[in-house]
Amino acid sequence: MDSLADPTSTPFEALPSAGDEAEPRSFLDRLFDRGHLVRTGIDGLYGRGGDFESVVEALDALVSRLGAADGAERIRFPPGMSRPAFERSGYLKGFPNLAGTVHSFCGDEAAHARLLACVEAGKDWTEDQACTDIVLTPAACYPLYPVAAARGPLPAEGLLFDLQSYCFRHEPSVEPTRMQMFRMREYVRMGSPEQVLAFREVWLERGTAMMRDLGLPLAVDPANDPFFGRAGRMLANNQRMQGLKFELNVPVNSTEQPTACLSFNYHQDHFGSTWEIGQADGAVAHTACVGFGLERITLALLRHHGLDLAAWPADVRKQLWG
Ligand code: ATP
Ligand code: ZN
Ligand code: MG
């Protein structure tokens, strides 16, 4: 873990000009202007244009190439997960404010008439909406743990999964990098502490090299999750002090507050004990995951190399499209 002790952090240089300084327009507005993102009227909820998507797809494929030799099992879950599984996962303890539940109309015809009248009058129409069995996925790895647990004890070499999912977090923002619905690509490792820490070390190196090769300034730093409330502050401090989470940050909105584009998380036995996942020798499994924020990396590329993909540096284009 020594490499983690000396952060690669260097002070960032000023960001490239955001355009015509005489008439400053936000990065988000310029993304709309160029059709990279498509307005919906809701902060953090956007359509993606064709060029934007082609970068997301190329990044997804690049991450696949980096991990290809490891033989990860590929699974794609839809962007909703089982509510009982979500409840058991502990997400509500740490992040009740970010969670999104799926509700649906469950009333009779009279209730339907009431609903329509409320919509018509601009009043609250949600009275007969009831919580369904589905919750929006908060991180790509959340639906995986119960699936792995159901398979019984891990093999001696542990398990490795490749995931990608749209995720939801209720954190509306006008920063384009903080969306409410975004895609997270993940590799998830389950096994002994040694196995999962070795995995995280490998991906810290691979992820850093990948982002350097994409021509992005970066710093890898200790981080914490935004645990809710006063008790959450203690959890966050512990997480940071124990070196459980690292983020790869790139200046996108500002140099002072760079954006986490990748994260490297060691959960210790949190999910192993929550889901009763056992190692081959009977000990509780440890888990780790590496997450790639596909939209955030795309936005970092657009911020640093410009909004015109054809004008990106040739070596960056080569990394992405061969
Ligand atoms: P932040 O500290 O910026 O809120 P995070 O700690 O919540 O980030 P993780 O929970 O580690 O991020 O999520 C894994 C990856 O998903 C992040 O590294 C990031 O690239 C991406 N991500 C997280 N939240 C968002 C968001 N609101 N919009 C777009 N991408 C996101
Ligand atoms: Zn994860
Ligand atoms: Mg967050």
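Definitions and cut-offs
- Residues numbered from 1 in each chain as written.
- Chains lettered and ligands numbered in written order.
- Predicted model: local features only at pLDDT ≥ 70, side-chain atom pairs only at ≥ 80, totals over all residues.
- Heavy atoms only, no water.
- Donors = N, O, S within 2.8 Å, 3.2 Å for Na, K, Ca; no water.
- Helix = DSSP H or I, 4+ residues; strand = E, 2+ residues; numbered from the N terminus.
- Contact = heavy atoms within 4.5 Å.
- Domains from an automatic or database assignment.
- Buried area = accessible area lost by both parts, 1.4 Å probe.
- Salt bridge = Lys/Arg side-chain N within 4 Å of Asp/Glu carboxyl O.
- Nonpolar A, V, L, I, M, F, W, Y, C, P; charged D, E, K, R; others polar.
- Phe/Tyr/Trp six-rings, centres within 6.5 Å; stacked < 30°, edge-to-face > 60°.
- Buried < 20%, exposed > 50% of the residue type's maximum accessible area, 1.4 Å probe, protein only.
- Core = buried A, V, L, I, M, F, W, Y, C linked by side-chain atoms within 4.5 Å.
- Axes fitted to C-alpha atoms, helices over the stretch in contact; angles between N-to-C directions.
- Parallel < 35°, antiparallel > 145°, perpendicular 65-115°, else oblique.

## So, the coordination of the zinc ion (ligand 2)
Piece 1. Around the zinc ion (ligand 2), the protein supplies Cys141 (SG), Glu186 (OE) and Cys289 (SG) as donor atoms, at distances of 2.2 to 2.4 Å.
Piece 2. The sequence motif formed by the donor residues of the zinc ion (ligand 2) is C-x44-E-x102-C. Taken together, the positions of Cys141 in the loop between strand E6 (129–136) and helix H7 (144–150) and Cys289 in strand E12 (residues 286–293) put the pair 148 residues apart, joining distant regions of the chain.

## Considering the environment of Phe95
Piece 1. Topologically, Phe95 is positioned in the loop between helix H5 (91–94) and strand E5 (101–105).
Piece 2. Placed 127 residues apart in sequence, Phe95 and Pro222 show a C-alpha to C-alpha distance of 20 Å.
Piece 3. Phe95 has contacts with Asp225, Pro226 and Phe227, leaving out every residue within four places of it along the chain.

## Considerations on the domain arrangement of the protein
Piece 1. Partitioning the protein into domains gives domain 1 (27–100 + 138–321) and domain 2 (102–136).
Piece 2. Counting from both sides, the interface comprises eleven residues of domain 1 and, opposite them, seven residues of domain 2.
Piece 3. In total, about 740 Å² of surface goes out of reach between domain 1 and domain 2, with carbon and sulfur atoms giving 59% of it.
Piece 4. Inspection of the domain 1/domain 2 interface yields zero salt bridges.
Piece 5. Of all the secondary-structure elements, those providing two or more residues to the side of domain 1 that touches domain 2 are strand E4 (80–82) and helix H4 (83–89).
Piece 6. Of the residues in the side of domain 1 that touches domain 2, the class split is seven nonpolar, three polar and one charged.

## Some words on the packing of aromatic side chains
Piece 1. Considering all chains together, one arrives at ten aromatic pairs under this definition.
Piece 2. When the centroid spacing of 5.6 Å and the interplanar angle of 65° are considered together, the rings of Phe32 and Tyr46 count as edge-to-face. Here the residue Phe32 occupies a position in helix H2 (residues 27–33), and Tyr46 occupies one in the loop between strand E1 (37–38) and strand E2 (47–48), the gap between them amounting to 14 residues. Comparing Phe32 with Tyr46, the two get one shared label, buried.
Piece 3. Measuring from centroid to centroid gives 6.2 Å for Trp312 and Trp321, while their planes differ by 35°, and the two rings are tilted.
Piece 4. With a relative accessible area of 3%, Trp312 lands in the buried category.
Piece 5. Grouped by ring-pair contacts, the aromatic residues Phe86, Tyr91, Phe95, Tyr142, Tyr145, Phe227 and Phe271 constitute a single cluster.

## Digging into the nonpolar core
Piece 1. Formed by 79 residues in total, the largest nonpolar core has its most connected members in Met190, Met211, Leu214, Phe292, Ile297 and Leu301.
Piece 2. The element that contributes the greatest number of residues to this core is helix H3 (residues 50–67), accounting for seven residues.
Piece 3. Once you skip the residues sitting within four places of it in the chain, Leu214 turns out to touch Leu59, Leu62, Ile297, Leu301, His305, Val316, Gln319 and Leu320.

## Some points on the packing of H3 against helix H12 (residues 314–321)
Piece 1. Across the interface, H3 lies against H12 with an axial gap of 8 Å and an inter-helix angle of 70°. The pairing of H3 with H12 is recorded here as roughly perpendicular in orientation. Here Ser54, Val55, Ala58, Leu59, Leu62 and Arg65 of H3 lie close against H12, whose contacting residues are Gln319, Leu320 and Trp321.
Piece 2. Of the residues belonging to the contact of H3 with H12, the class tally is six nonpolar, two polar and one charged.

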